[in-house]
Amino acid sequence: MAITLFPETTEQMTPVEFLDHVARNVDPYSDESIMSASHALAKLARNRSFLVDFVNSYLLAEAGGPRSGFYSMQSALLGQTDDGVFKLRANFWAPVRTSGRAARDEAALLSYELAHDHNFPFLTIGYFGPGYDTLIYEYDKSTVAGYEGERVELRFLEKARLEVNKVLFFRPSTDIHIQLPPKSFSISLNLLVHRKDNPLIPQYVFDVERGNIAGFVDSIDNLRIKFLQLAGHVFDADTPDLLREIAKTHRCVRTRQMALRSLALASPEAKEQVMAMAKDLPEHLRAELRT
Amino acid sequence: MKILNSPVHPCIADAFTHFARSSPHFSIDAAAEFIESVVTGGQIRDAVNHELRTTLANNLYESPFWTTRGLVLVAAPSLILAVDKVPAHQSRVLSSLSQDAVVMSLTEGVHYDRYAMPADTRLDVLDPDVQLVMNGHAMLDRGTPLAVRAEVDVIDFYAPGEQRYLVKAMSPVRLDFTWSFDRTSLKPWNISGAHLLDDQIMTALEALEHLGGVEHAGTIEHYLDARSHHVRWKALQTLNAVAPERALLAFDRFLTDPHPHIRKAASEALN
């Protein structure tokens, strides 16, 4: 299950020391090793000055000049290791109105109440405020083909609150969570771990009521699929050969399937060849192709 | 819109350099000419093939140009050029564009409904009685540029049952706010800021309110003169939390703020 940890420490760390620690000591391919960084993360969370200094510097940046850090309304990148494998992020969690259309709009805008997994492991700690509540489920990725509407056996694990100094570890492509708005403004710190094959692994959105895959998070694999779809409509004489090669060789099965779909559009005379090449695809993807 | 490390796709770079030299400031006519040149000149198809070749060479390629709707090919301060998928259905909510734009369909079968903001609408104040004016429905002919004016036009593109794509050239943000309307009533749904930076600044101010202290009052006061009234008001609230005695001085000047909602709130707070 998603792992909850309460590391105890009286020491403090700076973000630079924290990233140096994980770069030296953490194996990005070992969940146990990543969890062992929870003590260092707790030391960072005990440091009450670095984040306010970061925010203050961000706000003092010259108007119209370059500002570094925030890359969305809610998230700021605080630093990363030289190889980009480990990233340290702060997430700012705003409460939303409790009822009405505005509440629904705000929840959607801030990505609350969306059941999703992650294709990368991450460790998170509460830094300020009561923390968001999260409903945690798990699934067995070895039983999932990975298409929209597919039935998936979901197991409810727990409802947890990311309080200050509490650490949660989310297992990649296993834990599913639904974040609920905090009672008041809250901040969490995340250690995100990039594994080499992340760009090939989908991130799913789940419908926990129906127990199925409701769609895909727009991680890099899904953006690649959407781009390949575009190539079936915006192409020239060189495009079909490129799509054919991608359909033959790409390591991502959904990418191969979308390359075939776009090949059929860009080169209608290749339809028979497309169906022949589709023989290597899983049945659900072949069925989609036939339609 | 994502911000790219490299703001121009290599296949568009020459055409964009030429455009940027001849038209340093966005104009609808120049943007229409630019779109026509990159569509008929084949640079957009070249960009698609370039992305396919790179994907073929490296399965792990994480293109900075892929977006949730297609491709962004130029993300320069003076112009954004993007290829976007057209929604299959009419949207429930209609949104105004805060940028001038020129749109060209890359495929047949794109429909659009055209609406207009009523003349003399004050665009920075949400007025629930404003009602969009429907100005008709049409098909967007492939290869024909359509101009969309910030502050005036609300255009709803859709392509029932088929995958269709548009190429859009957009100006820098002209209007700080985006209005959303309910399709049925054509009345306002909400008004939101058009700049991600403003939202980020408000989040940072919120964080400072909780983590900071009186020593940060100077930073906060810097935003009492922000262009966006949302940011000005957030700065005043933050200042009031960390240094109420300094906020009291600021309340006075907000009595003459250009935005009526802020004048009213300041007046209520002082009374």
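Rules used throughout
- Residues numbered from 1 in each chain as written.
- Chains lettered and ligands numbered in written order.
- Predicted model: local features only at pLDDT ≥ 70, side-chain atom pairs only at ≥ 80, totals over all residues.
- Heavy atoms only, no water.
- Helix = DSSP H or I, 4+ residues; strand = E, 2+ residues; numbered from the N terminus.
- Buried < 20%, exposed > 50% of the residue type's maximum accessible area, 1.4 Å probe, protein only.
- Contact = heavy atoms within 4.5 Å.
- Buried area = accessible area lost by both parts, 1.4 Å probe.
- Salt bridge = Lys/Arg side-chain N within 4 Å of Asp/Glu carboxyl O.
- Polar contact = N/O pair within 3.5 Å; in protein donor to acceptor, adjacent residues only side chain to side chain.
- Nonpolar A, V, L, I, M, F, W, Y, C, P; charged D, E, K, R; others polar.
- Pairing = 2+ DSSP bridges.
- Axes fitted to C-alpha atoms, helices over the stretch in contact; angles between N-to-C directions.
- Core = buried A, V, L, I, M, F, W, Y, C linked by side-chain atoms within 4.5 Å.
- Domains from an automatic or database assignment.

Peer 1: Which parts of the structure should I look at to understand the overall build of chain B?
Peer 2: Along chain B, the regular secondary structure elements total eight helices and 11 strands. With respect to the principal axes defined by its C-alpha atoms, chain B has extents near 65 × 45 × 35 Å. The 271 residues of chain B split such that 52% are buried. Taking contacts inside chain B between residues at least 6 apart in sequence as the whole, the part at least 24 apart equals 71%.

Peer 1: Looking at this structure, I do not really get the interface of chain B and chain A. What am I missing?
Peer 2: When the parts come together, some accessible area is lost, and that loss is often what is quoted as the size of the interface. Contacts between the two partners involve 47 residues from chain B and, on the opposite side, 47 residues from chain A. Each partner contributes to the roughly 4,300 Å² buried at the junction of chain B and chain A, and carbon and sulfur atoms together form 69% of this total. Linking chain B to chain A there are one salt bridge. One salt bridge in this structure joins Asp238 of chain A and Arg53 of chain B, with 4.0 Å as the shortest N-O distance. At the surface where chain B touches chain A, the tally comes to 13 residue pairs in polar contact (both at pLDDT 80 or more). When residues of the side of chain B that touches chain A are traced back to their parent elements, those giving at least two are helix H3 (43-57), strand S1 (70-76), strand S2 (79-85), strand S11 (188-193) and helix H4 (196-211) of chain B. When residues of the side of chain B that touches chain A are assigned to their parent elements, the largest contribution, 13 residues, is made by H4 of chain B. Among the residues forming the side of chain B that touches chain A, the class breakdown is 21 nonpolar, 17 polar and nine charged.

Peer 1: Would you mind going over the pairing of strand S8 (residues 153-158) of chain B with me for this structure?
Peer 2: Regular strands have side chains that alternate between both faces of the sheet. Among the six residues of S8 of chain B, six are classified as buried, and the element is accordingly described as predominantly covered. Burial along S8 of chain B is two-sided: Asp153, Ile155 and Phe157 of chain B and Val154, Asp156 and Tyr158 of chain B, pointing in opposite directions, are all buried.

Peer 1: So what exactly am I meant to see when it comes to the sheet that holds strand S3 (residues 86-93) of chain A here?
Peer 2: Consider a sheet: its strands pair through backbone hydrogen bonds, and that pairing is either parallel or antiparallel. Residue and element names in this part refer to chain A. Strand order in the open sheet made by the six strands is S1-S8-S5-S10-S3-S2, with antiparallel pairing throughout. Each edge of the sheet is formed by a strand with only one pairing partner; in this case those strands are strand S1 (3-5) and strand S2 (75-80). When the angles between neighbouring strand axes are averaged without regard to direction, this sheet yields 25°. In terms of strand pairing, S1 meets strand S8 (residues 167-170) through three bridges, oriented antiparallel.

Peer 1: Would you mind showing me how to read the nonpolar core here?
Peer 2: Nonpolar side chains tend toward joint burial in soluble globular proteins. If you look at the biggest cluster of nonpolar residues, it comprises 62 residues, and the most contacted ones within it are Phe18, Leu51, Leu59 and Leu189 of chain A. Leu59 of chain A has contacts with Arg67 of chain A together with Ile201, Ala204, Leu205, Leu208, Thr219, His222 and Tyr223 of chain B, leaving out every residue within four places of it along the chain. Ile246, Leu260 and Leu281 of chain A together with Trp66 of chain B belong to the second largest nonpolar core, which has 58 residues in total.

Peer 1: Would you explain the domain arrangement of chain A in this entry?
Peer 2: Residue and element names in this part refer to chain A. Domain assignment breaks chain A into domain 1 (3-217) and domain 2 (221-290). A straight line from the C-alpha centre of domain 1 to that of domain 2 covers 34 Å. Contacts between the two partners involve 11 residues from domain 1 and, on the opposite side, nine residues from domain 2. Interface area lost by domain 1 to domain 2 is led by Tyr147, Leu200 and Phe216, which between them contribute 53%. Remark: the boundary between domain 1 and domain 2 carries one salt bridge.

Peer 1: It is not clear to me how the sheet that holds strand S5 (residues 110-116) of chain B should be interpreted in this structure. Could you clarify?
Peer 2: Residue and element names in this part refer to chain B. The strand order across the open sheet built from three strands is S6-S5-S8, with neighbouring strands paired in antiparallel fashion. If you trace the sheet from one side to the other, it starts and ends with strand S6 (133-140) and S8, each paired once. Within this sheet the neighbouring strands show an average axis-to-axis angle of 20°, counted without direction. Direction of pairing for S5 relative to S8: antiparallel, over a ladder of six bridges. Bridging across to S8, Tyr115 finds its partner in Val154.

Peer 1: I'm lost on helix H7 (residues 239-249) of chain A in this one. Help?
Peer 2: Every α-helical turn comprises 3.6 residues, leaving residues that sit three or four positions apart pointing alike. Of all the residues in H7 of chain A, the buried ones are Thr239, Pro240, Leu242, Leu243, Arg244, Ile246 and Ala247 of chain A. Each element contacted by the buried residues of H7 of chain A is listed here: helix H6 (220-231), helix H8 (253-266) and helix H9 (271-277) of chain A together with H3 of chain B.

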